Amino acid sequence: MVQRQGLINAVTPPACQPRDFGRHQLSNTSPAMRRDILPSFQVEQKMEETVTLQAQPGAAYSAQAGLATRLSAMLRSMRVVDLSPTLERGIPNWPMHPPLVIDKARLSGRDGYYCQFLMISEHTGTHVDAPVHFHEHLLHMSIDTFPADILIAPAVLYDFSDKHMQPGDLVTLNMVKAYEAENGVQIGEGEIPLINFGWMQRFWRTDDASTWFVKNAPGIHEDAIIYFKDRGIRAIGCDTVACDMAVIDGVGQETTGHTTHWLPNGILIIEMLTNLHKLSLRSLFVATPLKIKEGSGSPIRPLAFCEE
Ligand SMILES: [Zn+2]
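Residues numbered from 1 in each chain as written. Predicted model: local features only at pLDDT ≥ 70, side-chain atom pairs only at ≥ 80, totals over all residues.

**Regarding the overall build of the protein chain**
Move 1: A count of helical and extended segments in the protein chain gives nine helices and 17 strands.
Move 2: The buried share of the protein chain, taken over its 308 residues, is 36%.
Move 3: Here the contacts in the protein chain between residues at least 6 apart in sequence split such that 75% fall between residues at least 24 apart. (Helix = DSSP H or I, 4+ residues; strand = E, 2+ residues; numbered from the N terminus. Buried ≥ 20, exposed ≤ 12 C-beta atoms within 10 Å, placed from the backbone. Contact = placed C-beta atoms within 7 Å.)

**Some details on the pairing of strand 11 (residues 235–238)**
Move 1: Side chains Ala235 and Gly237 project from strand 11 onto one buried face, and the interleaved Ile236 and Cys238 project onto a second face that is buried too.
Move 2: Where strand 11 and strand 14 (residues 268–271) come together, three bridges link them in parallel fashion. Its bridge partner being in strand 14, Ile236 is matched across the sheet by Ile269. (Pairing = 2+ DSSP bridges.)

**Observations concerning the sheet that holds strand 7 (residues 152–159)**
Move 1: If you trace the nine strands from one edge of the open sheet to the other, you get 3-17-15-7-9-11-14-6-16, paired in mixed fashion. Each of the sheet's edge strands pairs with one partner strand only, and the pair in question is strand 3 (79–82) and strand 16 (297–299). Neighbour to neighbour, the strand axes of the sheet diverge by 25 degrees on average, direction disregarded.
Move 2: Note that strand 6 (residues 127–129) and strand 16 share three bridges and pair antiparallel. Looking across to strand 16, one finds that Asp129 is bridged to Gly297. (Axes fitted to C-alpha atoms, helices over the stretch in contact; angles between N-to-C directions.)

**Some details on helix 8 (residues 222–230)**
Move 1: Buried within helix 8 we find Ala224, Ile225, Phe228 and Lys229. Around the axis of helix 8, the buried residues are gathered within 140 degrees of arc, so they sit on the same side.
Move 2: Close packing links the buried residues of helix 8 with strand 8 (170–171), helix 5 (173–183), strand 9 (192–196), strand 10 (219–220), strand 11 and helix 9 (256–261). (Arc of directions from axis to C-beta.)

**Let's talk about the nonpolar core**
Move 1: Core analysis: the biggest nonpolar cluster contains 59 residues, and Leu194, Ile195, Ile236 and Phe285 have the highest contact counts within it.
Move 2: When residues in this core are grouped by element, the largest group, five residues, is from strand 7.
Move 3: Once residues within four sequence positions are removed from consideration, Ile195 is found in contact with Tyr158, Phe160, Val171, Ile220, Ile236, Gly237 and Cys238. (Core = buried A, V, L, I, M, F, W, Y, C linked by C-beta atoms within 7 Å.)

**Quick word on the pairing of strand 9**
Move 1: Of all the five residues making up strand 9, five are buried; the element is thus mostly covered by neighbouring parts of the structure.
Move 2: Where strand 7 meets strand 9, five bridges bridge the pair, whose relative direction is parallel. When the sheet's bridge partners are listed, Tyr158 is paired in strand 9 with Ile195.

**Points about the environment of His127**
Move 1: Following the sequence through the fold, His127 ends up in strand 6.
Move 2: His127 sits in the buried class, given 26 other C-beta atoms within 10 Å.
Move 3: Separated by 43 residues in sequence, His127 and Ser84 place their C-alpha atoms 8.8 Å apart.

**Notes on unusual backbone geometry**
Move 1: Despite not being glycine, His164 has its phi angle at roughly 50 degrees, a positive value.
Move 2: In this fold, His164 is placed in the loop between strand 7 and strand 8.
Move 3: His164 sits in the exposed class, given 11 other C-beta atoms within 10 Å.
Move 4: Of note, the phi angle at Asp249 is positive, near 50 degrees, even though the residue is not glycine.
Move 5: Since 9 C-beta atoms lie within 10 Å of it, Asp249 is described here as exposed.

**Re the confidence of the model for the protein chain**
Detailed conclusions should not be drawn from predicted coordinates in areas where pLDDT is low.
Move 1: Chain-level pLDDT for the protein chain is 84 on average; 80% of the residues reach the 70-or-more range.
Move 2: Contacts for the low-pLDDT stretch residues 1–58, under 50 throughout, to residues beyond four places or in other chains number 81 contacts. (pLDDT = per-residue confidence, 0-100.)

Take a look at the structure:
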């Protein structure tokens, strides 16, 4: 029998103050010190002692197996969703950002081995924004200063794909509250809401019309932006190019998540997620940014381990 219950709780970080995720201990420390005080997850909930975990056919683990073995088996028993599109030439890219370049720099027949060269923006494909992306004075909050496990947390899907939103439309607090009431969920402290506008499914493409995806997008109203901040989220993800910022014909609209409520409060913004329609209501979000010195963000390849 596979015991799935409790995984999400088991990897929830210890209680912390809203929106700081351990950084309250770090506020008076230098960036160098912050890197040394990285909170790691602690398992607070003891797993069921009598269960036998079946990681894969023929491999049974007893309750005496180590925690890492049991956790690995538990993760393998869950449905995993890959949340990033393939990195390839022609993917939608914010027009002001340098394009993604993938060059076959070394070829087996010519060079004896095969290797590609990448030129990639920190904001290409699925990626995470760090506070310094919009706030030059927050250089001490570049992506490399955050705990490596900052993006490993329980996630809640907020699915608005059935609203058929148009460029410039906004998800409002009323919509968020109605969704929560209808589905019996609410984002919790330290968790990650994942907003599905349905944009990836409808408009992602890699041909010569790919830029429409980034030049047009719905966004999030300030009342909902503040609500998510007040819930104490650690990050927020979405399937558009700029999450809270709606875009109409290439013109970005108001973006108080980036400018005022999220990034300055250390809430990271994850953009251009795919496959959100495959998620269960609750999942375990797992990603880690590249350790880019003074990085404004980083490409990531997130996975979601789904409860159903
Ligand atoms: Zn970005």
